[in-house]
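Analysis of the macromolecular model
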Amino acid sequence: MTTPALLTVDRLRSGYGPIDVLHDISLTVAQGEIVALIGANGAGKTTTLMSLSGLVKARGGRVMFDGHDLTTVPAHQIVRLGLAQSPEGRKIFPRLSVLENLEMGAFTRSDPDGVAADIEKAFTMFPILRERKAQAGGLLSGGQQQMLAIARALMARPKLLLLDEPSLGLAPQIVVQIFGVIKELNNQGVSVLLVEQNARMALKVAHRGYVLETGRVTCEDRADKLLNDPRIRAAYLGE
Ligand code: ATP
């Protein structure tokens, strides 16, 4: 039995100003999957996520998510449909408290009891955020900010979570913790599209992966196969 696709990206084209960055990207994320998107600096990974969440406008192709073509839907409604992004560089609100950052993540919702319950869930998943809940987001360490960025994205109750470089700039033991959380979220039913420079960690946690080179998908396979592919090992795994 095959699992139905939650996200089907079909020949997506996107870019900035006169420049096309993505050239006919096609990929899928099935319900319950973690999919890794790996590639060198500037390959177009962030642009892919931004185009899916509507923050960069698609120039061609289709993005079907849970029965909707996202290329015709404004960004704030895309969140409502169940797709949330934790952006590169975390982009938490530095002057707002941890609690207020979480509340901002729930801006599309109108169920205060549900929001309160989800904040409690976030604090259970990330106990350090409970300890720091009144502290300004900007005063947290890098790892804590990453946890907050993920927790904030989860406040939208996403079916699909887009994670952009969650390990960037973090100490190795914090990276392990963050990837543990990604696995745990996936066990709870959240599908994940994960962009990472740390290709080894990403492919270890993912079910499948895509390789992006200068705005094109050049390879896709099961994550374990990519991890053992000599070309991928040489190009992306430092061997
Ligand atoms: P990185 O790991 O460095 O973030 P990436 O694979 O995520 O790399 P993108 O950030 O998507 O790559 O960048 C793809 C290309 O688009 C690069 O050539 C980059 O210079 C260009 N680009 C990215 N953002 C913008 C922007 N806001 N305006 C113009 N060009 C941009």
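Relevant structure appears above.
Since we're looking at a predicted model, the values are computed, not measured.

We now examine helix H1 (residues 45-52). With 6 of 8 residues buried, H1 lies mostly within the body of the structure. By the burial criterion, the buried members of H1 are Lys45, Thr47, Thr48, Leu49, Ser51 and Leu52. One or two residues past the end of H1 sits Gly54, with phi positive at roughly 85°.

Let us look at the pairing of strand S8 (residues 191-196). Counting buried positions along S8 gives 6 out of 6 residues, so the element sits mostly inside the fold. Pairing of strand S3 (residues 34-38) with S8 involves 5 bridges; the strand directions are parallel. Counterpart to Ile38 in the pairing with S8 is Glu196. In this structure, strand S7 (residues 160-164) lies alongside S8, joined through 5 bridges in parallel fashion. Its bridge partner lying in S8, Leu161 is registered against Val192. The parallel pair S7 and S8 is bridged by helix H7 (residues 172-187), and the resulting crossover is right-handed.

The next subject is the site of the ligand. Around the ligand sit 13 residues, and of these Gly42, Lys45, Thr46, Thr47 and Gln197 come closest. Taking Tyr16, its side chain carries an N or O atom lying 3.5 Å from a nitrogen atom of the ligand. Backbone polar atom of Lys45 to an oxygen atom of the ligand: 2.8 Å apart, as the coordinates give it. For the ligand, the accessible surface in isolation is 620 Å², of which the surrounding protein chains cover 57%. Here the shell around the ligand gets 3 residues from one element, more than from any other, and that element is H1. Tallied by class, residues from the shell around the ligand come to 4 nonpolar, 6 polar and 3 charged.

Looking now at helix H4 (residues 112-125). Between the first and last C-alpha of H4 there are 20 Å, a value that for 14 residues agrees with the 20 Å anticipated at 1.5 Å per step. Along H4, the residues classified as buried are Gly114, Val115, Asp118, Ile119, Ala122 and Phe123. Buried residues along H4 sit against helix H3 (98-105), helix H5 (127-131) and helix H6 (142-154).

We now examine the nonpolar core. In globular proteins that are soluble, nonpolar side chains generally tend to be buried together. The biggest cluster of nonpolar side chains holds 50 residues, and the ones touching the most others in it are Ile38, Leu102, Leu129, Ile150, Leu161, Ile182 and Leu194. The leading source of residues in this core is H6, at 7 residues. If near-sequence neighbours (up to four positions away) are discounted, Ile182 is found in contact with Ile34, Leu163, Pro166, Val192 and Leu194. The next biggest cluster of nonpolar side chains, apart from the first, holds 27 residues, and it includes Leu27, Leu193, Tyr210 and Leu212.

A few words on the sheet that holds strand S2 (residues 19-30). Ordered by their spatial adjacency, 4 strands build an open sheet running S2-S1-S4-S5, and the pairing between neighbours is antiparallel. The open sheet has two edge strands, S2 and strand S5 (68-69), and neither has a second partner. With 8 bridges connecting them, strand S1 (residues 5-16) and S2 associate as antiparallel partners. Of the residues in S2, the one forming a bridge with Val9 is Leu27. Sheet contacts for H1: S1, S2 and strand S4 (58-65); angle to S1, the most-contacted strand, approximately 115°.

Two numbers describe how H3 lies on H4: the axes approach to 11 Å, and their chain directions differ by 125°. Here H4 runs oblique to H3, going by the angle between their axes. As H3 packs across H4, the resulting crossing turns out to be right-handed. Every residue of H4 that contacts H3 at Val98, Leu99, Leu102 and Glu103 is listed here: Ile119, Ala122 and Phe123. For the contact of H3 with H4, a count of residues per class yields 6 nonpolar, no polar and 1 charged.

So, how was this worked out
- Residues numbered from 1 in each chain as written.
- Predicted model: local features only at pLDDT ≥ 70, side-chain atom pairs only at ≥ 80, totals over all residues.
- Heavy atoms only, no water.
- Buried < 20%, exposed > 50% of the residue type's maximum accessible area, 1.4 Å probe, protein only.
- Helix = DSSP H or I, 4+ residues; strand = E, 2+ residues; numbered from the N terminus.
- Pairing = 2+ DSSP bridges.
- Right-handed = clockwise from strand over helix to strand, strands pointing away.
- Near = heavy atom within 4 Å.
- Polar contact = N/O pair within 3.5 Å; in protein donor to acceptor, adjacent residues only side chain to side chain.
- Areas by Shrake-Rupley, 256 points an atom, 1.4 Å probe, with all protein chains shown as cover.
- Nonpolar A, V, L, I, M, F, W, Y, C, P; charged D, E, K, R; others polar.
- Expected span 1.5 Å × (residues − 1).
- Contact = heavy atoms within 4.5 Å.
- Core = buried A, V, L, I, M, F, W, Y, C linked by side-chain atoms within 4.5 Å.
- Axes fitted to C-alpha atoms, helices over the stretch in contact; angles between N-to-C directions.
- Parallel < 35°, antiparallel > 145°, perpendicular 65-115°, else oblique.
- Left-handed = near helix turned anticlockwise from the far one by under 90°.

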